[in-house]
Amino acid sequence: QISNPLGSINSVLGVINLIATWVFNLAIPVVVVLIIWAGIRMLVSRGNPGAVQQAKDMLTYALVGLAIVLIGRGFVQLIVTILSS
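In this text, all values refer to a predicted model and were calculated from it rather than measured experimentally.

Turning our eyes to something else, we now look at the overall build of the chain. When helices and strands are tallied, the chain shows 2 helices and 0 strands. Relative to its length of 85 residues, the chain is extended, with a C-alpha radius of gyration of 19 Å against a globular reference of 12 Å. Its C-alpha atoms give the chain principal-axis dimensions of roughly 60 × 30 × 10 Å. Across the 85 residues that make up the chain, the buried fraction comes to 16%. Of the roughly 6400 Å² of accessible surface on the chain, a fraction of 73% belongs to carbon and sulfur atoms.

Side chains of I28, V32, I36, W37, I40, L43, V44 and L70 sit close together on the surface and give an oily, nonpolar patch of about 760 Å² of accessible area. Ranked by residues supplied to the nonpolar patch, first place goes to helix 1 (residues 12-44) with 7 residues. As for its placement among the helices and strands, V32 is situated in helix 1.

Okay, helix 1 next. With 33 residues, helix 1 extends 48 Å between its outermost C-alpha atoms, agreeing within 8% with the 48 Å of an ideal straight helix rising 1.5 Å per residue. Turning to helix 1, its buried residues are G14, A20, A27, V31 and A38. Lining the buried residues of helix 1 we find helix 2 (49-84). For helix 1, the side-chain oxygen to backbone nitrogen distance between the N-cap and G14 is 3.2 Å, and the N-cap itself is S11. Residue R46 follows helix 1 closely and has a positive phi angle near 55°.

This paragraph deals with the packing of helix 1 against helix 2. Packing of helix 1 against helix 2 leaves a shortest axis separation of 9 Å and a crossing angle of 165°. The orientation of helix 1 with respect to helix 2, classified from their angle, is roughly antiparallel. You can see that helix 1 and helix 2 cross each other, and the crossing is left-handed. In the contact of helix 1 with helix 2, the residues fall into 24 nonpolar, 5 polar and 3 charged.

To continue, consider the environment of I16. Counting through the fold element by element, I16 comes out in helix 1. Residue I16 is classed as partly exposed on the basis of its relative accessible area, which comes to 38%. On a C-alpha basis, the gap between I16 and R73 in space is 10 Å, while along the polypeptide they are 57 residues apart.

For the rest of this paragraph, the subject is unusual backbone geometry. Trans is the common state for peptide bonds, and a negative phi is the common state for residues other than glycine. In this structure, R46 is a non-glycine residue whose phi angle is positive, near 55°. On the accessibility criterion, R46 (77% relative accessible area) is exposed.

Conventions adopted
- Along each chain, residue indices are assigned from 1 in the same order as the chain's sequence is written.
- This being a predicted model, a pLDDT of at least 70 is required before a residue's local features are given, and a value of 80 or more before pairs of side-chain atoms are given or counted; all residues contribute to the totals for chains, interfaces and linings.
- Excluding hydrogens and water, the side-chain figures rest on all heavy atoms present in the structure.
- Each helix corresponds to a stretch of at least 4 residues labelled H or I by DSSP, and each strand to a stretch of at least 2 residues labelled E; elements are numbered beginning at the N terminus.
- Both definitions apply: the radius of gyration is a C-alpha atom measure, and the globule rule equals 2.2 Å times residues to the power 0.38.
- Residue burial is assigned from relative accessible area. The probe radius is 1.4 Å, only protein chains are included, and a residue is buried under 20% of its type maximum, exposed over 50%, and partly exposed in between.
- Using a 1.4 Å probe, accessible areas were evaluated by the Shrake-Rupley method; residue-level cover was limited to the displayed protein chains.
- Here the term patch refers to residues with relative accessible area over 30% and no salt bridge, with like charges joined within 9 Å and nonpolar side chains (Val, Leu, Ile, Met, Phe, Trp, Tyr) within 5 Å.
- Salt bridge criterion: a side-chain nitrogen from Lys or Arg within 4 Å of a carboxyl oxygen from Asp or Glu.
- Every helix has an expected span of 1.5 Å times one less than the residues it contains.
- The criterion used for residue contact is that any of the two residues' heavy atoms lie within 4.5 Å.
- Side-chain atoms alone can form a polar contact between residues adjacent in sequence; in general such a contact is a pair of N or O atoms within 3.5 Å, and within protein one must be able to donate a hydrogen while the other accepts it.
- All axes are obtained by fitting lines to C-alpha atoms, using only the stretch in contact for helices, and the reported angles, taken between N-to-C directions, cover 0 to 180 degrees.
- In these notes the angle categories are as follows: under 35 degrees is roughly parallel, over 145 is roughly antiparallel, 65 to 115 is roughly perpendicular, and the rest is oblique.
- Two helices cross in a left-handed way if the nearer one is turned anticlockwise from the farther one by less than a right angle. They cross in a right-handed way if the turn is clockwise.
- In the scheme used here, Gly and all other residues not listed as nonpolar or charged are polar, with Ala, Val, Leu, Ile, Met, Phe, Trp, Tyr, Cys and Pro taken as nonpolar and Asp, Glu, Lys and Arg as charged.

See below:
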């Protein structure tokens, strides 16, 4: 007998929810590291306009990525809730 490697998940909705949770849990630490790295780059730039702009862009992209992940996680949760009703 072959055991289910996903545990007690037996539906497509459960797999989608598991993948969304996994991506969310992976994205949060990555965004935190990127925000810290952008701050360090801004401090080290010493007023160089090009380096400051790169650090600002990095911070902007990290926050936009976080917003996309949060919206995507909410959207997946909404779909799972609607379909399981």
